[in-house]
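Below, each chain spelled out in residue letters.
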Protein chains: 2
Amino acid sequence: MNYPSRLIEEAVSEISRLPGIGKKTALRLALHLLKREEEQTRSLSEALINMRTKTSYCEKCHNIADDRLCNICSNPRRDNSIICVVVDTRDVLAIESTNQYKGLYHVLGGIISPLEGIGPSDLQIDSLIKRIEHPEDAEPVKEIILALSPTMEGDTTAFYLQKKLKPTGVKMSTIARGIPIGGDLEYADEITLGRSIVSRVAYD
Amino acid sequence: MNYPSRLIEEAVSEISRLPGIGKKTALRLALHLLKREEEQTRSLSEALINMRTKTSYCEKCHNIADDRLCNICSNPRRDNSIICVVVDTRDVLAIESTNQYKGLYHVLGGIISPLEGIGPSDLQIDSLIKRIEHPEDAEPVKEIILALSPTMEGDTTAFYLQKKLKPTGVKMSTIARGIPIGGDLEYADEITLGRSIVSRVAYD
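Residues numbered from 1 in each chain as written. Chains lettered and ligands numbered in written order. Predicted model: local features only at pLDDT ≥ 70, side-chain atom pairs only at ≥ 80, totals over all residues. Heavy atoms only, no water.

### Details of the pairing of strand β3 (residues 79-86) of chain B
Residue and element names in this part refer to chain B.
Then step 1. The element β3 is extensively covered by neighbouring structure, given that six of its eight residues are classed as buried.
Then step 2. Relative to strand β4 (residues 103-107), β3 is paired through five bridges, and the arrangement is parallel. Bridge assignment links Ile 83 to a residue of β4, and that residue is Leu 104.
Then step 3. In this fold, the crossover linking β3 to β4 by way of helix α4 (residues 89-96) has right-handed handedness.
Then step 4. Pairing between β3 and strand β5 (residues 143-146): four bridges, direction parallel. Across the sheet, Cys 84 pairs through a bridge with Ile 145, a residue of β5. (Buried < 20%, exposed > 50% of the residue type's maximum accessible area, 1.4 Å probe, protein only. Helix = DSSP H or I, 4+ residues; strand = E, 2+ residues; numbered from the N terminus. Pairing = 2+ DSSP bridges. Right-handed = clockwise from strand over helix to strand, strands pointing away.)

### Description of the relation of the copies chain A and chain B
Then step 1. In screw terms, the move from chain A to chain B is a rotation of 180° and a rise of 0.1 Å along the axis, fitting with an RMSD of 0.1 Å. Put plainly, the chains are arranged around a two-fold axis. Proximity to the rotation axis, assessed at the C-alpha, singles out Ser45(A) in chain A; its C-alpha lies 2.3 Å from the axis. (Least-squares fit on C-alpha atoms with pLDDT ≥ 70 in both.)

### Topic: unusual backbone geometry
Then step 1. For Asn99(A), which is not glycine, the phi torsion reads 60° and is therefore positive.
Then step 2. Here His62(B), not a glycine, exhibits a phi torsion of approximately 65°, which is positive.

### Observations regarding the domain arrangement of chain A
Then step 1. On domain assignment, one finds that chain A holds domain 1 (6-54) and domain 2 (79-174).
Then step 2. A straight line from the C-alpha centre of domain 1 of chain A to that of domain 2 of chain A covers 35 Å. (Domains from an automatic or database assignment.)

### Some points on helix α3 (residues 38-54) of chain B
Then step 1. Here α3(B) is 17 residues long and its end C-alpha atoms lie 24 Å apart, about the 24 Å a rise of 1.5 Å per residue gives.
Then step 2. In this structure, the buried residues of α3(B) make contact with α1 (6-15), α2 (23-35) and α3 (38-54) of chain A together with α2 (23-35) of chain B. (Expected span 1.5 Å × (residues − 1). Contact = heavy atoms within 4.5 Å.)

### Observations concerning the pattern of salt bridges
Residue and element names in this part refer to chain B.
Then step 1. In this structure the tally under the stated criterion is 14 salt bridges over all chains.
Then step 2. Glu 14 is the salt-bridge partner of Arg 17, the closest N and O atoms lying 3.4 Å from each other.
Then step 3. With relative accessibility at 44%, the residue Arg 17 sits in the partly exposed group.
Then step 4. Across the salt bridge formed by Arg 78 and Glu 96, the nearest N and O atoms sit 2.8 Å from each other. With Arg 78 in the loop between β2 (64-65) and β3 and Glu 96 in helix α4, this residue pair connects regions lying 18 residues apart in the sequence. Pair check on accessibility: Arg 78 and Glu 96 agree, each one buried. (Salt bridge = Lys/Arg side-chain N within 4 Å of Asp/Glu carboxyl O.)

### Digging into empty space enclosed by the protein
Then step 1. One pass over the structure, following the stated rule, counts one cavity of 30 Å³ or more.
Then step 2. Taken as a whole, the largest cavity holds about 120 Å³ of empty space.
Then step 3. In this structure, the largest cavity is lined by 14 residues; those nearest its centre are Ile15(A), Leu18(A), Leu44(A), Leu18(B) and Leu44(B).
Then step 4. Looking at the lining of the largest cavity, the elements with two or more residues in it are α2 and α3 of chain A together with α2 and α3 of chain B.
Then step 5. Considered class by class, the residues forming the lining of the largest cavity number 14 nonpolar, no polar and no charged. (1 Å grid on protein atoms, 1.4 Å probe; cavity = no way out; pocket = protein on both sides within 12 Å on 5 of 7 lines; lining within 4 Å. Points joined across faces, edges and corners; volume = space filled by probe spheres on them. Nonpolar A, V, L, I, M, F, W, Y, C, P; charged D, E, K, R; others polar.)

This is how it looks when you write it as structure tokens:
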């Protein structure tokens, strides 16, 4: 496309490097910013730079953090004896928003995927074993919950972790698979429906 | 949502101020930038700031420009005697990409919309009349093409412009309405189909 301005073209090119944003959307966003106060573009730019240069990763769970420890690991009211293993920060946010979990997390930073060339050594697995074998907190780790997606990569990673963590003797579990709340039996796939029968829950 | 980092929260909040981007997409974009080289975030931020602070509007057609005149108005090979009136820069880009038009443009900067409180005085209409009555170029303006969307607002704006430009005596036209190339007659609405019969084109 023949942009009216070299600066617009550069901005469109940078914006469209973001995932899921094509040239047309990038142009729409650029023209939007041009119409708004200069202040909005300034604060957007600064927020991006600050985020990128000043955030780090929690030394304990590898979640994103402003300090040495993230605000979950540094919260004295969280249960140190349970660790929930997730792929990335978005999973932590999703689980946190349920308000059902009061333990700690361990962010792997990815998932085993031979196709994308991601192996176990690219993930934060050694530090997970270290947390179990040499806990920093007074309390030992009693349970590891694997909260990975039920995809090929997720299952591979879960299988690898089970094998790798077995020698530590820690209790391991995985999040329940089953019919989603509000889901219709008729539209559930057979594997999910089958799993939901095998893992049925007794009434109290 | 309980973000793991204040800086992430600020970035998400700024990104989600952009049109069509919600909190979830904003978080996905922020986490993407965190995973990439710092350089990418830096060049994105700089491109946005440069675009916002250094681009201006063409003194003649009000299109976005890096200099006093945009690269269409300053191109000596364009036809100065035709002006195509459009709403914004995106329309200029759309028409330019057809390679069918060699005249100049006039960017109104909006469309008459009583609902949104946009009246004729908010648009670049006076400067259009000035371009017709006192042309800067040696050649007088021979034709004005209105390229506005066939919506209520577009039709209102076109009607207003026709009335307003009538005293100048300039020839006026509008882009053709009809069945899109590849469009199926069966699925065309009656108004479009009717207009395509009224404005039928004779074979050479």
